[in-house]
Each structure stands twice: as structure tokens, then as C-alpha cells.
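Spelled out from the first residue to the last, the chains are:
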Amino acid sequence: MDEDNLLTCEVCNNSVKDDDDFCPYCGTLFIEIFCDNHNEILADGVCIICQIAFCKKCCVRINNRFVCNQHSNYEIYEGTAKVYETVDETDVLYLKNCLEQNGLHPVLLYRHSLYGGSGFSYAVIKGTESEIIVMVPFQEVLKAEEVLKSII
Ligand SMILES: [Zn+2]
Ligand SMILES: [Zn+2]
Ligand SMILES: [Zn+2]
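Parameters at a glance
Residues numbered from 1 in each chain as written. Chains lettered and ligands numbered in written order. Predicted model: local features only at pLDDT ≥ 70, side-chain atom pairs only at ≥ 80, totals over all residues. Heavy atoms only, no water. Donors = N, O, S within 2.8 Å, 3.2 Å for Na, K, Ca; no water. Helix = DSSP H or I, 4+ residues; strand = E, 2+ residues; numbered from the N terminus. Tetrahedral: all angles 85-135°; square planar, octahedral: opposite > 155°, others 65-115°. Buried < 20%, exposed > 50% of the residue type's maximum accessible area, 1.4 Å probe, protein only. Expected span 1.5 Å × (residues − 1). Contact = heavy atoms within 4.5 Å. Polar contact = N/O pair within 3.5 Å; in protein donor to acceptor, adjacent residues only side chain to side chain.

Bound to the zinc ion (ligand 3) on the protein side are Cys 35 (SG), His 38 (ND1), Cys 55 (SG) and Cys 58 (SG), at distances that span 2.0 to 2.3 Å. Motif for the zinc ion (ligand 3), donor spacing along one chain: C-x2-H-x16-C-x2-C. On the criterion of sequence distance, the pair formed by His 38 in the loop between strand E2 (15-17) and strand E3 (45-46) and Cys 58 in the loop between strand E4 (53-54) and strand E5 (59-62) is long-range, its members being 20 residues apart.

Right under this line is the structure:
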């Protein structure tokens, strides 16, 4: 048997592999490494979007997840981050298909005006105007943005 040994991240309670250097869900570091910008300062966490380690000055912690200053504005929902938003369903299905062809794992979310613009769900609610949001797992955000840039 060659199964990965799983541990639980104490910060976010997601399963991580016992040889992971950091938690891919919240960016908590399990080893001591230096900040990518300051090679004499120990890193505080790993940006979940670009997977680079940064010190307190170079990253922020939002809802217990580390993001670097450059990637602190993503909308995040259950392990995924927003890469695109539209009200056009044809458009979004095309984009989703393109992302999948590039080996990515997009998930569509619907944001309903019903909930004052802050409610997300994985399905359309009849009779409400929904914005369709394309989300991808954190590690796929930068690649997804490259793909989208090349087709939009
Ligand atoms: Zn974690
Ligand atoms: Zn980053
Ligand atoms: Zn730094």
C-alpha cells in the first residue's frame, strides 16, 4: 500500500499530507522557511493563491487564510477563489469548458440578489436574478487567469 498519510491542519481542520510543507487550504506553514522578499525574516505563512511563503509584512491573514499583498482581493468560497463573473450563461459554460480542457477544475457558483448580493449557492434559484461566478481551487487561480486572458 502506498497511501498518503493524512494529518489535520490545526488551523482550518482540512486534511493535509504529512509531508506537506504548508497547508494548501489556509497557507499555514509546517516548516521554517524565509520570506520570499526578505531572506533574513522567517515566513509567517504561504499565499494560498501563488503558493509563495511570505513574512508578516508581505502577507495578510483573511478569515484564517494567508494571502500575499498582491493576492488579497480574491473572493473565496470553500477552497476556491473567483476568477470570473458574468450574468451570461452561454458565456460562462464556454469558459468553464475551456478551463476544463486545460486540466483545471472550475466550479460555478450563483450569487443571488435575493440574499442582498452576498449569498452563494451551487444551483440557480428560479425567479431570481443570478450572477454566475467561475471559481477554481486556490492552486489553479493563476493558471485559470492565464487561460481566461487568452480567450476573452
Ligand atoms: Zn489549514
Ligand atoms: Zn500570492
Ligand atoms: Zn517579507
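Turning our attention to the coordination of the zinc ion (ligand 2). Each protein donor to the zinc ion (ligand 2) is listed here as Cys 47 (SG), Cys 50 (SG), Cys 68 (SG) and His 71 (ND1); together their distances run 2.0 to 2.3 Å. Bound by four donor atoms, the zinc ion (ligand 2) shows angles of 96 to 119° at the metal and therefore tetrahedral coordination geometry. Read in sequence order, the donor residues for the zinc ion (ligand 2) give the motif C-x2-C-x17-C-x2-H. The same class applies to Cys 68 as to His 71, namely buried.

End to end, helix H1 (residues 89-101) covers 18 Å across 13 residues, agreeing with the expected 18 Å (1.5 Å per residue, within 8%). In this structure, the buried side of H1 is in contact with strand E8 (80-86), strand E9 (107-112), strand E11 (130-137) and helix H2 (141-151). N-cap assignment for H1: the residue whose side-chain oxygen lies 3.0 Å from the backbone N of Thr 90 is Asp 88. With its phi angle positive at about 80°, Gly 103 sits one or two positions after the end of H1.

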